[in-house]
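# Structural overview for review
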Amino acid sequence: MAHRAWSEVEEEILLTNLTSLVDQGVWQAENGFHPGYLGVLENEMRVSFPEAGIKEHHIEGKIKKWKRDYFYLDAILQVPGFGWNPNENKLVVETEVWNEFVRTRPQLRTLRDKEFPNYHRWGHCFVRQEN
């Protein structure tokens, strides 16, 4: 299956719709979301982008990527020497600390200079909210 390129507007609408499901309080399960949430999101995306052909598997792939990035960042921010720049939405770390860190985690190398403007919104969606 080919990777789908998402526009910023499509991503924004998807994240807004996902956040809305979380805020409704009925879609979040113990370890994710209840069955059917992808269909709800697909319908919402079809309303906003009728010609885009965004299907459940596209949405699922995008959400998995967001979730993976969120939990990577969350774990990294627990490591001494790492911080967060809220103005640039980026990790903050000295080069020496970063080089030592990625020596054992090379798959995370691309996260250093990347902006994550939705980091906190992802946390709202992916971290189980206590009632």
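Everything below is about the structure shown above.
Bear in mind the structure is a predicted one, so any value in this text is a computation, not a measurement.

About the cut-offs
- Residues numbered from 1 in each chain as written.
- Predicted model: local features only at pLDDT ≥ 70, side-chain atom pairs only at ≥ 80, totals over all residues.
- Heavy atoms only, no water.
- Helix = DSSP H or I, 4+ residues; strand = E, 2+ residues; numbered from the N terminus.
- Buried < 20%, exposed > 50% of the residue type's maximum accessible area, 1.4 Å probe, protein only.
- Contact = heavy atoms within 4.5 Å.
- Areas by Shrake-Rupley, 256 points an atom, 1.4 Å probe, with all protein chains shown as cover.
- Lys, Arg positive; Asp, Glu negative; His and termini not counted.
- Charge placed at Lys NZ, Arg CZ, Asp CG, Glu CD.
- Arc of directions from axis to C-beta.
- Expected span 1.5 Å × (residues − 1).
- Salt bridge = Lys/Arg side-chain N within 4 Å of Asp/Glu carboxyl O.
- 1 Å grid on protein atoms, 1.4 Å probe; cavity = no way out; pocket = protein on both sides within 12 Å on 5 of 7 lines; lining within 4 Å.
- Points joined across faces, edges and corners; volume = space filled by probe spheres on them.

When helices and strands are tallied, the protein shows five helices and four strands. The linear arrangement of helices and strands in the protein, starting from the amino end, is α-β-β-α-α-β-β-α-α. Principal-axis analysis of the C-alpha atoms places the extent of the protein at approximately 50 × 40 × 30 Å. Counting the 131 residues in the protein, one finds 40% classified as buried. Taking contacts inside the protein between residues at least 6 apart in sequence as the whole, the part at least 24 apart equals 56%. Carbon and sulfur atoms form 50% of the exposed surface of the protein, whose accessible area is close to 8300 Å². If the 16 positive side-chain charges of the protein are averaged to one point and the 20 negative ones to another, these points end up 5 Å apart.

Turning to helix α4 (residues 95–103), its buried residues are Trp98, Phe101 and Val102. The buried side chains of α4 occupy one side of the element, clustering within an arc of 85° when seen end-on. The exposed residues of α4 that point more than 90 degrees off its buried face are Glu96 and Arg103. Buried residues in α4 make contact with α3 (56–76), β3 (82–85) and β4 (90–93).

Because an α-helix packs 3.6 residues into every turn, residues spaced three or four apart end up facing the same way. End to end, α3 covers 30 Å across 21 residues, agreeing with the expected 30 Å (1.5 Å per residue, within 8%). Considered for burial, the residues of α3 that qualify are His58, Ile59, Lys62, Ile63, Trp66, Asp69, Tyr70, Leu73 and Ile76. Angularly, the buried residues of α3 cover 160° about the axis, an arc narrow enough to put them on a single face. As for α3, its buried residues are in contact with α1 (8–24), α2 (37–48), β3, β4, α4 and α5 (119–126).

Before going further, it helps to spend a moment on the pattern of salt bridges. Where charged atoms from two side chains of opposite charge come close, those side chains can pair. Applying the stated rule across the entire model yields nine salt bridges. In this structure, arginine 121 engages glutamate 12 in a salt bridge whose closest nitrogen and oxygen atoms are separated by 2.9 Å. Within this pair, whereas arginine 121 is found in helix α5, its partner glutamate 12 is found in helix α1, the two being separated by 109 residues in sequence. Look at arginine 121 and you get partly exposed, because its relative accessible area is 27%. Under the relative-accessibility criterion, glutamate 12 is labelled partly exposed at 35%. Between arginine 103 and glutamate 100 there is a salt bridge; the shortest N-O distance is 2.3 Å. Of this pair, arginine 103 and glutamate 100 both sit in helix α4, three residues apart, which is roughly one turn of the helix.

So, on to the layout of surface pockets. Any empty space left between the atoms is revealed when a probe the size of a water molecule rolls over them. Space inside the largest pocket adds up to approximately 310 Å³. Around the largest pocket, the lining is made up of 13 residues, and of these Glu11, Trp66, Pro117, Asn118 and Trp122 lie nearest the centre. Top element by residues in the lining of the largest pocket is α3. It accounts for four residues.

That is the geometry; function is a separate question.
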